[in-house]
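# Examining the three-dimensional arrangement
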Amino acid sequence: MKILLPLLLISAATATTVALVPAYDAREARPGGQTTVFDHGQNAFSLPLANLTDRQRTDFVVGNSFFKKNWVEAPASTTGRDGLGPHFIARSCGACHALDGRGAPPTFTNGLQDEQPMALLIRLSIPGQDAHGGPRGEPVYGGQFNNDAVSDVKPEGQVKISYSEISGQFADGERYTLLKPKYELVDLGYGPMHPDTMLSPRIAPQMIGLGLLEAIKPEDILANAKAQAAAGGAIKGRPNRVWDAYAGKMLIGRYGWKANTASVAHQSAGAFLGDIGITSKRNPHEECTKAQTDCRKAPSGGKPEISEDLLDKVIFYSRTLAVPAARNQDDPAVQRGRAVFYQAQCATCHTPKYTTGNFKGLPQLSQQTIYPYTDLLLHDMGEGLADGRPDFQAGGRDWKTPALWGLGLVPAVNKHSRYLHDGRARNLMEAVLWHGGEAEGAKQHVLKLNKQDRENLVAFLQSL
């Protein structure tokens, strides 16, 4: 695979630096290759790969059921869905990934937080590493803060969010305002936390294309890092290497905001345990610390609470959610915005194109020409976005380049336009303006654009 990086051309006549823009390829309109679906409405993120068989579509429907329907407290007459908690943040996967889409932070009314976050979770850790080199959980509250619980068990506490404003302006004088969030954990159910506890907010992303990302060849991800290092500029992405419970070894991370998960299977099983409190074969124990005696005494929904067969179907469902087709590709504004995207060197990290490898057990994902716009690497994004919390080989300022496909359909699916790892950005331009660190040059390029080209850039992002 050729790494698609902007090339630079110095014009002697103008003494300016111009990025060469690759010619538009009509295949970009089908970002998922032959798996692409054509639905741009509210269900755009909820459709199966276009090339699944009828038998596979049946498995998809079963997986969808267990992804979206609520789990209940044990003991219950609904034995197939009991085992919720003891601590949890949601009663189903679909509660955070509504319509398989992107979560949002809580709404505010007159400056006051209306509700507890659900699609926005808080990771916890203290300095040090666990047995696999990952984050070391907080001794009393574990690796994730859960603000809800079953009967007779105390919630771990509440999440309090506040925002301060950061003002700035573009080169043409137009002003903008960004929202900088602050997170506090209050009403703690089990006493104070370790004094060195680190917090990391993570919003639930849309679910599309996860299987296609898993089918990208590891050598192509490593090639991205090698090409960026060889270019000699500020952008020097690095892969995260993380423990995968299904493979039983360290793999390149592909999922999560810090690329802290390597496979859809590990991600799915981990979310069942961490978010809903549902045990499985590879995560057989509830996440109750020694200090949480009420949690440890709570009834179980079985050992494990979700069978291997049902979990496999949820994994299959998550792996086979399709990417919707791109839109408005012939619009002059979109094409101009695409040129601006390359000229700002956004494509250096948001690598447009791959050909997937051979995916064992699911040939529909194999040998597909896809356009996810991600290098799947970690980048130092600057102090403004930093959470200060390491995650395997990711540092406190590092974030994985997220895939951009489906970006413009979030408002249609989820009725909001909140972006970045914690939803702080209220629109796509705000998301761009939060870029720093290795992406500082790209942000400075955007700040110097005229208003029309800023709108063109947003139009391009909305077309993906």
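Each remark here, short or long, concerns the structure printed above.
The present account deals with the structure reproduced in this document. Just so we're clear, the structure is a prediction, and the values are computed from it rather than from any experiment. (Residues numbered from 1 in each chain as written. Predicted model: local features only at pLDDT ≥ 70, side-chain atom pairs only at ≥ 80, totals over all residues. Heavy atoms only, no water.)

## Description of the nonpolar core
Counting residues in each nonpolar core, the largest one holds 107 residues, and the members touching the most others are Trp71, Phe145, Phe272, Phe341, Trp405 and Leu461. Here this core takes six residues from helix α7 (residues 308-319), the largest share from any one element. Those residues in contact with Phe341 that lie beyond four places of it in its chain are Cys346, Ala347, His350, Tyr373, Leu404, Leu457, Phe460 and Leu461. Core analysis: the second largest hydrophobic core is formed by six residues, Ile89, Ala90, Cys96 and Leu121 among them. (Core = buried A, V, L, I, M, F, W, Y, C linked by side-chain atoms within 4.5 Å. Buried < 20%, exposed > 50% of the residue type's maximum accessible area, 1.4 Å probe, protein only. Helix = DSSP H or I, 4+ residues; strand = E, 2+ residues; numbered from the N terminus. Contact = heavy atoms within 4.5 Å.)

## Here's the deal with unusual backbone geometry
For the peptide bond that leads from Ala74 to Pro75, omega is -5 degrees, which places it in the cis range. With respect to the secondary-structure elements, Pro75 resides in the loop between α1 (54-68) and β3 (87-88). The omega angle of the peptide bond from Lys303 to Pro304 is 5 degrees, so this bond is cis rather than trans. Following the sequence through the fold, Pro304 ends up in the loop between α6 (293-297) and α7. Positive phi outside glycine occurs at Asp100, with the angle close to 65 degrees. Along the chain, the position of Asp100 falls in the loop between α2 (93-96) and β4 (108-109). The backbone of Asp152 sits at a positive phi, close to 70 degrees, despite the residue not being glycine. If you trace the backbone, Asp152 turns up in the loop between β9 (148-149) and β10 (158-169).

## Here we look at the packing of aromatic side chains
For the coordinates displayed, the defined rule picks out twelve aromatic pairs. Ring plane angle 70 degrees and centroid distance 5.5 Å describe the contact between Phe108 and Tyr163, whose orientation is recorded as edge-to-face. Here Tyr163 lies in strand β10 and Phe108 lies in strand β4, a separation of 55 residues in the sequence. With a centroid separation of 6.1 Å and an interplanar angle of 80 degrees, the aromatic rings of Phe341 and Tyr342 are classed as edge-to-face. For Tyr342, a relative accessible area of 1% gives the class buried. The rings of Phe341, Tyr342, Tyr373 and Phe460 are connected pair by pair, giving a single aromatic cluster. Over the ring of Trp399 we find Lys258, and its NZ or CZ is 4.3 Å from the ring centre. Of note, Arg282 hangs over the ring of Tyr246, and the distance from its end group to the ring centre comes to 3.8 Å. (Phe/Tyr/Trp six-rings, centres within 6.5 Å; stacked < 30°, edge-to-face > 60°. Lys NZ or Arg CZ within 6 Å of the ring centre and 35° of its normal.)

## Points about α7
With twelve residues, α7 should reach 16 Å at 1.5 Å per residue; the first-to-last C-alpha distance of 16 Å fits that figure. Of all twelve residues in α7, nine are buried, a share of seventy percent or more. Among the residues of α7, those classed as buried are Leu310, Leu311, Lys313, Val314, Ile315, Phe316, Tyr317, Ser318 and Arg319. On its buried face, α7 sits against α1, α3 (210-214) and α5 (264-276). (Expected span 1.5 Å × (residues − 1).)

## Structural notes on the packing of α1 against α7
To describe two helices that pack against each other, one gives the angle between their axes and the distance between the axes. Where α1 meets α7, the axes come as close as 7 Å, and the angle between the chain directions of the two elements is 105 degrees. In terms of their interaxial angle, α1 and α7 are classed as roughly perpendicular. When α1 is examined against α7, the residues Gln56, Asp59, Phe60, Val62, Gly63, Asn64, Phe66, Phe67 and Lys68 are found in contact with a partner set consisting of Leu310, Lys313, Val314, Phe316, Tyr317 and Ser318. (Axes fitted to C-alpha atoms, helices over the stretch in contact; angles between N-to-C directions. Parallel < 35°, antiparallel > 145°, perpendicular 65-115°, else oblique.)

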